[in-house]
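Geometric and topological summary
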2 protein chains.
Amino acid sequence: MAAMSAPTGHDGLRARKKQRTRSALVEAGLDLFLRHGYDATTVDEIAAAVEVSPRTFFRYFAGKEDIALAKGAELDEQIVTAFLDAPTGEPPLPALRRAVLSMVRDSASTEGVPNFLRLQHLINRTPSLLAGSLRRSSETQHRIAEEIGRRHGVDAARDLRPHVLVGVVFTGLHLGLEAMCADPRRDLDRLVELVGRAVDLASAGVPDRWGDEPDSW
Amino acid sequence: MAAMSAPTGHDGLRARKKQRTRSALVEAGLDLFLRHGYDATTVDEIAAAVEVSPRTFFRYFAGKEDIALAKGAELDEQIVTAFLDAPTGEPPLPALRRAVLSMVRDSASTEGVPNFLRLQHLINRTPSLLAGSLRRSSETQHRIAEEIGRRHGVDAARDLRPHVLVGVVFTGLHLGLEAMCADPRRDLDRLVELVGRAVDLASAGVPDRWGDEPDSW
DNA sequence: CGACAATTGTCACCCAATGACAGATGACAT
DNA sequence: ATGTCATCTGTCATTGGGTGACAATTGTCG
């Protein structure tokens, strides 16, 4: 049943339309969330704003939450790919640190620092969104920890150290972003400085290299 | 209309009945969750198992989630109170470390290590529960960080260090519990050892004492 | 007992989410 | 261009979580 792969060349009007609808839903959703609050916004309203049936909304997103967390999911992907791009020989802490900071720099500058922080703040002050965001982050942390284990010859299923490394770095990331939401300055330099400092504080105990002995348990 | 405060002496049949219903709901709920899964269990089923109307369920708990997270909330309270009991002069890291480990020891021994881990595992493998659990934990972390700031003369609203300290310790706690869920041994010593080691790894970079200069930002 | 407050059940309702089915629409070969 | 086919979309019905309102019960206390 050879699927629909390899279209003749043009991506097709269909695919473009889908993309437009998808981003229109995100745009409309975030706008409503930011103006009226997450809980006060219904799926019907979002769908209506894009002139689409509510049922269609759920064909694009698994739930209302996904609208608010879509950007965050992209950010996590950026961290992962940036980390994967690092030379395999580089020690994990500096590699992950760079990946995190380059993600912050990138997305905050393309999107605009104020918008970046507005969304961040919406998530932090909305319990259900904060919950979802933390859970997604924990998944990303797992993926990265496993990759670190793979690269440095430790079994992430049996050794805590990769998980600890990733955990403390992300703790720094979260705290840095949270702090930035309360900071008077809203420029990129400040953002990077704050997140960088938080990451450094949190990861100060991570050794440059792990000994050859697994932290057996 | 002076409220219902100060009953004549006996706690009243009413209060006892409420407590019984409350714990019956938790018991029945957890039992169903563990046997059929969280999502597969409906509020109606839990209510029916206790012979109570579904509406009444929501008078005891804000949502289905609260049943699964009720124990976790108690554990967080235990950590907080244990930390508050520590001498105010003690440096924050060892104090928090002791508080965390004593909570783990206490509740796992009164409840039984297997039960303790079963619930832990249910939460970790159920996305919505993991999300809620992480969020609740983040609130607890905030509270403790503020208390640390209060005790050691740093403004937790302006200084990252108390938050970092609490964050890395809780990262260790979470990772230790997660690791324990996968460990073949199910005894208390192993549990304490694992969590203790994870906390130590994660908090290795926290200094014994903070300098007098605030980590100004 | 009698009055009062707290607890409970019933009912009606909103919203998020999902399955089923029919109609619209872009894709592609001829 | 046209008809076929896959995909996308809207409508409808339904389930489950969660809430407000009101009346009926039931513990509490004088």
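What you see is a predicted model, and the numbers here were worked out from it, not measured in a lab. (Residues numbered from 1 in each chain as written. Chains lettered and ligands numbered in written order. Predicted model: local features only at pLDDT ≥ 70, side-chain atom pairs only at ≥ 80, totals over all residues.)

1. As for the overall build of chain A
Helix and strand counts for chain A stand at 9 helices and 0 strands. For chain A, the succession of helices and strands along the chain, N to C, is α-α-α-α-α-α-α-α-α. Dimensions of chain A, computed from C-alpha atoms along their principal axes, come out at roughly 60 × 55 × 30 Å. Counting only residues that meet the buried cut, chain A has 34% of its 217 residues in that class. Restricting the contact set of chain A to residue pairs at least 6 apart, pairs at least 24 apart contribute 64%. (Helix = DSSP H or I, 4+ residues; strand = E, 2+ residues; numbered from the N terminus. Buried ≥ 20, exposed ≤ 12 C-beta atoms within 10 Å, placed from the backbone. Contact = placed C-beta atoms within 7 Å.)

2. What to know about the nonpolar core
Membership of the largest hydrophobic core comes to 76 residues, with the highest contact counts inside it found for V100(A), V169(A), A198(A), V100(B), V169(B) and A198(B). With sequence-adjacent residues up to four places away left out, V169(B) is seen in contact with L96(B), R97(B), V100(B), V199(B), A202(B) and S203(B). (Core = buried A, V, L, I, M, F, W, Y, C linked by C-beta atoms within 7 Å.)

3. Comments concerning the protein's contact with DNA strand D
Looking at DNA strand D, there are 23 residues lining it, with S53(A), R55(A), T56(A), G12(B) and G63(B) nearest. Only α1 (12–36) and α3 (54–60) of chain A together with α1 (12–36), α2 (43–50), α3 (54–60) and α4 (64–85) of chain B provide two or more residues apiece to the surface near DNA strand D. (Near = placed C-beta within 6 Å.)

4. What to know about the relation of the copies chain A and chain B
Under the fitted operation, chain A is carried onto chain B by 0.0 Å of movement along the axis and a turn of 180°, and the coordinates agree to an RMSD of 0.1 Å. Here the transformation between the copies is reduced to the relation of a two-fold axis. Minimal C-alpha separation from the rotation axis in chain A is found for G205(A), amounting to 1.6 Å. Of the interface residues in chain A, 100% have counterparts in chain B that sit at the interface too, so the contact is made through matching surfaces. (Least-squares fit on C-alpha atoms with pLDDT ≥ 70 in both.)

5. With respect to the interface of chain A and chain B
Facing the 27 residues of chain A at the interface are 27 residues of chain B. Broken down by secondary-structure element, the contributors of at least two residues to the side of chain A that touches chain B are α7 (127–152), α8 (161–182) and α9 (188–202) of chain A. Looking at the side of chain A that touches chain B element by element, the count peaks at 9 residues for α8(A). Residues of the side of chain A that touches chain B, tallied by class, amount to 16 nonpolar, 8 polar and 3 charged. (Nonpolar A, V, L, I, M, F, W, Y, C, P; charged D, E, K, R; others polar.)

6. Let's talk about the protein's contact with DNA strand C
Close to DNA strand C lie 25 residues; G12(A), G63(A), S53(B), R55(B) and T56(B) are nearest. For the surface near DNA strand C, the secondary structure elements donating two or more residues are α1, α2 (43–49), α3 and α4 (64–85) of chain A together with α1 and α3 of chain B. Looking at the surface near DNA strand C residue by residue, the classes come out as 9 nonpolar, 7 polar and 9 charged.

7. Let's talk about the environment of R135(B)
With respect to the helices, strands and loops of the structure, R135(B) is situated in helix α7 (residues 127–152). For the pair R135(B) and L194(B), spaced 59 residues apart in sequence, the C-alpha separation works out to 23 Å. If sequence neighbours within four positions are ignored, R135(B) has contacts with P127(A), L130(A), A131(A) and L134(A).

8. Describing the environment of A204(A)
Note that A204(A) resides in the segment after α9. In this structure, the C-alpha to C-alpha distance between A204(A) and S109(A), residues 95 residues apart in sequence, is 28 Å.

9. Some thoughts on α9(A)
Look at α9(A): 21 Å from first C-alpha to last across 15 residues, which is about the 21 Å you get at 1.5 Å a residue. Structurally, α9(A) contributes buried residues whose contacts are with α5 (92–111), α6 (113–125) and α8 of chain A together with α8 (161–182) of chain B. (Expected span 1.5 Å × (residues − 1).)

10. Let's talk about unusual backbone geometry
Even without being a glycine, E51(A) presents a positive backbone phi close to 55°. Tracing the sequence through the fold places E51(A) in the loop between α2 and α3.

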